[in-house]
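# Residue-level structure breakdown
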Amino acid sequence: MGSTILKKILPIIAFLMVANFLISLLTSVFALVGGKYFDDYENYKSLKNKDIYMEIDTLSLLRTREKRSTSGSTTRTLIIEAVSDRYKNKIELSMANKKYFNFNSRFAVYRSKLTNKYFLKNAPSDYFKGQYFSVFAGLYFKISFFPLLGFVIYLFTNYKKSI
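Summarised in this report is the structure supplied together with it. (Residues numbered from 1 in each chain as written. Predicted model: local features only at pLDDT ≥ 70, side-chain atom pairs only at ≥ 80, totals over all residues. Heavy atoms only, no water.)

Take the layout of surface pockets next. Taken as a whole, the largest pocket holds about 330 Å³ of empty space. Along its surface, the largest pocket is lined by Lys 36, Asp 39, Asp 40, Asn 43, Thr 115, Asn 116, Lys 117, Phe 119, Gln 131, Ser 134 and Val 135. Of all the secondary structure elements, the ones that give two or more residues to the lining of the largest pocket are helix 2 (39-48) and helix 4 (125-162). (1 Å grid on protein atoms, 1.4 Å probe; cavity = no way out; pocket = protein on both sides within 12 Å on 5 of 7 lines; lining within 4 Å. Points joined across faces, edges and corners; volume = space filled by probe spheres on them. Helix = DSSP H or I, 4+ residues; strand = E, 2+ residues; numbered from the N terminus.)

A surface patch of nonpolar side chains, about 610 Å² in accessible area, is lined by Ile 5, Ile 9, Ile 13, Met 17, Phe 151, Tyr 154 and Leu 155. Listed by contribution, the elements that provide at least two residues to the nonpolar patch are helix 1 (2-33) and helix 4. Here the nonpolar patch gets four residues from one element, more than from any other, and that element is helix 1. (Patch = residues over 30% accessible without salt bridge, like charges linked within 9 Å, V, L, I, M, F, W, Y side chains within 5 Å. Areas by Shrake-Rupley, 256 points an atom, 1.4 Å probe, with all protein chains shown as cover. Salt bridge = Lys/Arg side-chain N within 4 Å of Asp/Glu carboxyl O.)

Consecutive side chains along a regular strand alternate between the two faces of the sheet. Along strand 3 (residues 90-95), the buried face is formed by Ile 91, Leu 93 and Met 95; none of Lys 90, Glu 92 and Ser 94, which line the opposite face, is buried. The pairing of strand 2 (residues 76-84) with strand 3 spans six bridges and is classified as antiparallel. When the sheet's bridge partners are listed, Val 83 is paired in strand 3 with Lys 90. (Buried < 20%, exposed > 50% of the residue type's maximum accessible area, 1.4 Å probe, protein only. Pairing = 2+ DSSP bridges.)

Even without being a glycine, Lys 88 presents a positive backbone phi close to 60 degrees. Turning to its location among the elements, Lys 88 is positioned in the loop between strand 2 and strand 3. With a relative accessible area of 63%, Lys 88 lands in the exposed category. Despite not being glycine, Asn 116 has its phi angle at roughly 65 degrees, a positive value. Relative to the assigned elements, Asn 116 resides in the loop between strand 4 (106-112) and strand 5 (118-120).

Let us now look at the nonpolar core. In this structure, Leu 59, Leu 93, Met 95, Phe 107, Leu 120 and Tyr 127 are the most contacted members of the largest nonpolar core, which totals 23 residues. Of all the secondary-structure elements, those providing two or more residues to this core are strand 1 (54-68), strand 2, strand 3, strand 4, strand 5 and helix 4. Per-element accounting of this core gives the leading share, five residues, to helix 4. Setting aside residues up to four positions removed in sequence, Leu 120 forms contacts with Leu 93, Met 95, Tyr 100, Phe 101, Phe 107, Ala 108, Val 109, Tyr 110, Tyr 127 and Phe 128. (Core = buried A, V, L, I, M, F, W, Y, C linked by side-chain atoms within 4.5 Å. Contact = heavy atoms within 4.5 Å.)

It is worth spelling out the pairing of strand 1 at this point. The pairing of strand 1 with strand 4 spans seven bridges and is antiparallel. Bridged to Ser 60 within strand 4 is Arg 106. Sheet topology places strand 1 next to strand 2; nine bridges connect them, and they run antiparallel. Directly across from Leu 61, in strand 2, lies its bridge partner Ala 82.

A few words on helix 2. An α-helix turns once every 3.6 residues. As a result, residues three or four positions apart point the same way. Those residues of helix 2 lying buried are Asp 39, Asp 40, Asn 43, Ser 46 and Leu 47. Here the buried residues of helix 2 occupy an arc of 120 degrees about the axis, which is enough to place them on one side. Structurally, helix 2 contributes buried residues whose contacts are with helix 3 (50-53), strand 1, strand 4, strand 5 and helix 4. (Arc of directions from axis to C-beta.)

Using the criterion set out here, one finds 10 aromatic pairs in the structure. Summarising the aromatic geometry, the rings of Tyr 127 and Phe 128 are spaced 5.2 Å apart at their centres and angled 80 degrees between planes, so their arrangement reads as edge-to-face. Note on Tyr 127: relative accessible area 4%, which makes it buried. Directly above the ring of Phe 128 sits Lys 50, whose terminal nitrogen or CZ lies 4.4 Å from the centroid. (Phe/Tyr/Trp six-rings, centres within 6.5 Å; stacked < 30°, edge-to-face > 60°. Lys NZ or Arg CZ within 6 Å of the ring centre and 35° of its normal.)

All we've got here are geometric facts, nothing functional implied.
What follows is the structure, encoded as structure tokens:
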């Protein structure tokens, strides 16, 4: 009985490892090429130590728009286009829920001094939980790449020896 369960679970585990490796590979490569490999860690530091690594800025709202998910489902992302009052640059913020944003013409944000990423200042705690989830997901995929790469190399060298 134990071997039949293992035979059913093993393909699922293999699929999850391959999917994790591919996502980790893409995440790591795009982050390295874009020069943003450590941004997730630095955003985590910024969110944890707002007094040290964040500055408060005000954005002037230009427009908002909704973007549907690529799968065509009802999931929508709110995209906010605004201009920083301090730096005069155009910013795009995206969020999963409209309730995080209070459609005023001006609104306060935190700006990370480490990565220049903007976060809503007066958003509910759900917004910040989502930001932490995003940071941890990025860190997980970047960190898991190296052990998985080692495992793939190990499998490849053992496969070559068996031929």
